Amino acid sequence: MASKRQGKTKASKPPRVVKRAKPSKLPKPRRIAKPAARAPLRDIEKDRKEILAVSKKWWDANRNFSIDMMCEAFVGGDKFHGFNLNGHTYYAIDEWVQLWKYLGHVMVPLSESDAGDPAMAEPRDMRLIIRGDMAFLTAESTFTVKVLPSSDSESALLSGPGNVMRIPFRTTEVFVREDHQANPVWKMWHFHCSPHAPEGERRMGF
């Protein structure tokens, strides 16, 4: 007979279950930011031509005392602001129209045949700087007018009635690519004009 020891069988242990580690979550792919849309490239030469055309219209308006041409060059509504050669400040285009109507009874621009010089000589030392939707132009010239005999002007700039005057001046013109109705067209928004020092006078400090 087999011994009791031999007859007893050891209970088998259940197989060991090995827990596998859960796979770590994969990182979500990063979204690549789309490049910002580039602003459309400006055609500087086109801007330059359009700005100079507006400036020329303003200068031609002075040569002809044309209120209509002045209004085409200036921004409309109450947006225009300027320092006139007479030393006074005028606001909005309506004030400039009123000023020019008065000047038509005070003086008349002379033609080249009348005085030997054009009413408004071609600009010299002209400089135009364009930055985006704004620009400014500076220049020097001479304005030749005849004070009418009927003039009642009290301006210190003008001589007596009947006299011909040559007024050297300097100007700054400020342009914005926007009209009074927010259309993207170049208009003059500010004009500053002041008398130039007499010809031949030495600049102070030089």
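Q: How should the overall build of the protein be read in this particular structure?
A: Secondary structure assignment for the protein yields five helices and seven strands. Sequence-ordered secondary structure for the protein, helices as α and strands as β, is α-α-α-β-β-α-β-α-β-β-β-β. The buried share of the protein, reckoned over its 206 residues, is 31%. At a minimum sequence separation of 6, the contacts of the protein that also span at least 24 residues come to 58%.

Q: How should I be thinking about helix H2 (residues 44–64) in this particular structure?
A: The α-helix advances 3.6 residues per turn, and as a result positions three or four apart in sequence lie on the same side. With 21 residues, H2 should reach 30 Å at 1.5 Å per residue; the first-to-last C-alpha distance of 30 Å fits that figure. Just past H2, the residue phenylalanine 65 takes up positive phi, approximately 50°.

Q: I keep staring at the side chain of serine 66 and nothing clicks. Help me out?
A: Among the structural elements, serine 66 can be located in the loop between H2 and helix H3 (67–73). Since its relative accessible area comes to 15%, serine 66 is described here as buried. One polar contact links the side chain of serine 66 to the main-chain amide nitrogen of methionine 69, over a distance of 3.1 Å. The residues contacting serine 66, other than those within four sequence positions of it, are Ala61 and Trp100.

Q: Honestly, the pairing of strand S6 (residues 164–177) in this entry has me stumped. Any pointers?
A: On any regular strand, side chains alternate: one points to one face of the sheet, the next to the other face. In this sheet, S6 lies alongside strand S5 (residues 134–147) in antiparallel orientation, the contact comprising 13 bridges. Across the sheet, the residue bridging to threonine 138 is threonine 172, located in S6. Bridge count for S6 against strand S7 (residues 186–195) is nine bridges, and the pairing is antiparallel. Bridge pairing links arginine 177 to tryptophan 186 in S7.

Q: Just checking my understanding: could you explain unusual backbone geometry for this structure?
A: Trans peptide bonds make up most of the peptide bonds, and negative phi angles are found at most residues other than glycine. Of note, phenylalanine 65 is a non-glycine position whose phi angle comes to about 50°, a positive value. Within the secondary structure, phenylalanine 65 is located in the loop between H2 and H3. Positive phi, close to 65°, is recorded for alanine 92, a residue that is not glycine. Relative to the helices and strands, alanine 92 resides in helix H4 (residues 92–103).

Q: What should I look at first to understand the pattern of salt bridges in this one?
A: Where side chains of opposite charge bring their charged atoms close, a pairing between them can arise. Overall, the coordinates contain eight salt bridges when judged by the stated rule. In this structure, aspartate 60 and lysine 56 form a salt bridge, with 2.7 Å as the shortest nitrogen-oxygen distance. In this pair, aspartate 60 and lysine 56 are both assigned in helix H2, four residues apart and thus about one turn of the helix distant. Overall, the relative accessible area of 16% leaves aspartate 60 in the buried class.

Q: Would you mind showing me how to read the pairing of S7 here?
A: Burial within S7 is extensive, with eight of its ten residues counted as buried. Bridge count for strand S1 (residues 81–83) against S7 is three bridges, and the pairing is parallel. Counterpart to phenylalanine 83 in the pairing with S7 is histidine 192.

Q: Before we go on, may I ask you to explain the layout of surface pockets in this structure?
A: To find leftover empty space, one rolls a probe the size of a water molecule over the atoms. The space that makes up the largest pocket amounts to roughly 420 Å³. Taken together, 28 residues line the largest pocket, and the ones lying closest to its centre are Asn84, Leu85, Asn86, Leu103 and Phe143. Elements represented by at least two residues in the lining of the largest pocket include exactly H2, H4, S6 and S7. The dominant element in the lining of the largest pocket, judged by the number of residues it contributes, is H4, at five residues. For the lining of the largest pocket, the class distribution of residues is 20 nonpolar, seven polar and one charged.

Q: Sorry if this is basic, but what is going on with the packing of aromatic side chains here?
A: Working definition: an aromatic ring pair is given by the centre-to-centre distance plus the angle between the planes. All told, the structure shown has eleven aromatic pairs when counted by the stated rule. Relative to tryptophan 100, the ring of phenylalanine 65 lies with its centre 5.6 Å away and its plane at 35°, an arrangement referred to as tilted. Of this pair, phenylalanine 65 sits in the loop between H2 and H3 while tryptophan 100 sits in helix H4, and the two are 35 residues apart along the sequence. With a centroid separation of 6.2 Å and 75° between ring planes, the pair formed by tryptophan 96 and phenylalanine 191 is classed as edge-to-face. Note that tryptophan 96 is positioned in helix H4 and phenylalanine 191 in strand S7, a separation of 95 residues in sequence. Here tryptophan 96 matches phenylalanine 191 in class, with each residue buried. Of the aromatic side chains, those joined through ring pairs into one cluster are Trp58, Phe65, Phe74, Phe80, Tyr90, Trp96, Trp100 and Phe191. For arginine 203, the ring lying beneath its charged end belongs to phenylalanine 206, and the centroid distance is 4.5 Å.

Cut-offs and rules
- Residues numbered from 1 in each chain as written.
- Predicted model: local features only at pLDDT ≥ 70, side-chain atom pairs only at ≥ 80, totals over all residues.
- Heavy atoms only, no water.
- Helix = DSSP H or I, 4+ residues; strand = E, 2+ residues; numbered from the N terminus.
- Buried < 20%, exposed > 50% of the residue type's maximum accessible area, 1.4 Å probe, protein only.
- Contact = heavy atoms within 4.5 Å.
- Expected span 1.5 Å × (residues − 1).
- Polar contact = N/O pair within 3.5 Å; in protein donor to acceptor, adjacent residues only side chain to side chain.
- Pairing = 2+ DSSP bridges.
- Salt bridge = Lys/Arg side-chain N within 4 Å of Asp/Glu carboxyl O.
- 1 Å grid on protein atoms, 1.4 Å probe; cavity = no way out; pocket = protein on both sides within 12 Å on 5 of 7 lines; lining within 4 Å.
- Points joined across faces, edges and corners; volume = space filled by probe spheres on them.
- Nonpolar A, V, L, I, M, F, W, Y, C, P; charged D, E, K, R; others polar.
- Phe/Tyr/Trp six-rings, centres within 6.5 Å; stacked < 30°, edge-to-face > 60°.
- Lys NZ or Arg CZ within 6 Å of the ring centre and 35° of its normal.

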